[in-house]
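# Summary of structural features
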Amino acid sequence: MSLSHRAGNVVGVLITLLALVCQARVHSHGRFVRTEGTRFVVHGSDFVFNGFNSYWMMHVAAEPSERHKVSNTLREAAGAGLSVCRTWAFSDGGDRALQISPGVYDERVFQALDFVISEASRNGIRLIMSFVNNFKDYGGRPQYVEWARNAGVNVNGEDDFYTNPTMKEYYKNHVKKVTARLNTITKIAYKDDPTIMAWELMNEPRCQADSSGRMVNGWVQEMVSFVKSLDNKHLLEIGMEGFYGDSTPEKKVNNPGYQVGTDFITNNLIKEIDFTTIHAYPDIWLSGQNDSAQMAFMQRWMETHSIDSNRILKKPLVLAEFGKSNKDSGNSLGARDQYLITVYESMNKFERTGEGIGGSLVWQLMGEGMDSYGDGYGIILSQHASTRGVISAQSHKMTTFGRILLGRKH
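Presented here is an overview of the structure given in this document.

## Remarks on empty space enclosed by the protein
With the rule as written, the count across this model stands at one cavity of 30 Å³ or more. Space inside the largest cavity adds up to approximately 40 Å³. If you trace the largest cavity, you find it lined by Tyr55, Trp56, Met58, His59, Trp88, Phe90, Ser91 and Tyr138. Here the lining of the largest cavity is built from residues that sort into six nonpolar, two polar and no charged.

In structure tokens form, the structure reads like this:
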């Protein structure tokens, strides 16, 4: 055999071994996340996590020349110990739309979502994927309303999204299309892929027509049953911010002074909902108050929801969005770092009491050269070394908590 043939064989063997190593990494978390009471578990072991939001991944990946931004962000996140990413599985109408019109999809953009899932798996990161937005960004409820009106449907306003049969059918068709999608890279259907930790019904549902939360509750009940009929392997959550509603008037004092048409208790009591979520933006919700008042609100927000998730709902809780904008005057990188430290310390305190928060998702990680996606909350791990240190330290603590919990079981 010639040297060139022998070298070729060696290279071939090395490539095969590398592929096997990558495959092993993918399938080292190749088991679905479940819940047991108020804990997340994977194959019987407790799963507590530090994670992040990067809503933009499919949109960026739709342009092949920009896919390195997705890959770099996921690689840097994994390097910081982050193990869960929340991102959009929707883009309705507009630029780089996944769903161009009801039931009409751009295969190029769907392949971008395939790429995101494949890259997440390659980096050992699980995904929470949302089906639709409450807001007009990337289409959302307003786009569904426009589509219905263009089809001749009598629509009074955006809140008809929750009750109108045509828009509910649009939504169900999208859920069916996404969950049944066969990934062109991994050759695994989304509904069978353990890289996906959970589905989310909607990013931050709100309803002006019914502040009590009952209208949203009816929609949630219908949609969770539908999603579970298509996919009972994955966890499912609503996408709520955590506002209390009319079912617990005594708890409304914990809201930031108003309601948004959802009910944290009633909505999450629906049995098919596997875990609860809260979002927290005291710098927006209490913009007129000082940092101390905003931090006090943040700690109460986490504590009350942690207690209610553990004692009333008996489901895991995820702090699914939080951060601090650097657009506000006086908010330096150091101020943001300290805010994250305080939030993480509060979470860890709850964990030690046994009524913890199962995981957190900071808003938001971005890649270099993504200024157009900036909202003041963006964190670029390769550029913000101090913030990377804060996040990495929390990832280490969450890993330690997981080991402690495993030790208690044994």
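## Section: the layout of surface pockets
Roughly 470 Å³ of volume is contained in the second largest pocket. As for the second largest pocket, its lining consists of 19 residues, and the residues nearest its centre are Phe135, Glu204, Glu321, Trp363 and Asp375. Across the lining of the second largest pocket, the residue classes break down as eleven nonpolar, two polar and six charged.

## Details of the nonpolar core
Within the largest apolar cluster, 104 residues are counted, with the highest numbers of intra-cluster contacts made by Phe52, Tyr171 and Leu319. Here this core takes eight residues from helix α4 (residues 107-122), the largest share from any one element. Tyrosine 171 has contacts with Phe131, Val132, Tyr144, Phe161, Leu201, Trp219 and Met223, leaving out every residue within four places of it along the chain. Among the nonpolar cores identified, the runner-up in size contains 14 residues, and Phe40, Phe47, Phe49 and Val84 belong to it.

Rules of the game
Residues numbered from 1 in each chain as written. Predicted model: local features only at pLDDT ≥ 70, side-chain atom pairs only at ≥ 80, totals over all residues. Heavy atoms only, no water. 1 Å grid on protein atoms, 1.4 Å probe; cavity = no way out; pocket = protein on both sides within 12 Å on 5 of 7 lines; lining within 4 Å. Points joined across faces, edges and corners; volume = space filled by probe spheres on them. Nonpolar A, V, L, I, M, F, W, Y, C, P; charged D, E, K, R; others polar. Core = buried A, V, L, I, M, F, W, Y, C linked by side-chain atoms within 4.5 Å. Buried < 20%, exposed > 50% of the residue type's maximum accessible area, 1.4 Å probe, protein only. Helix = DSSP H or I, 4+ residues; strand = E, 2+ residues; numbered from the N terminus. Contact = heavy atoms within 4.5 Å.

Purely geometric stuff here, so don't read any function into it on its own.
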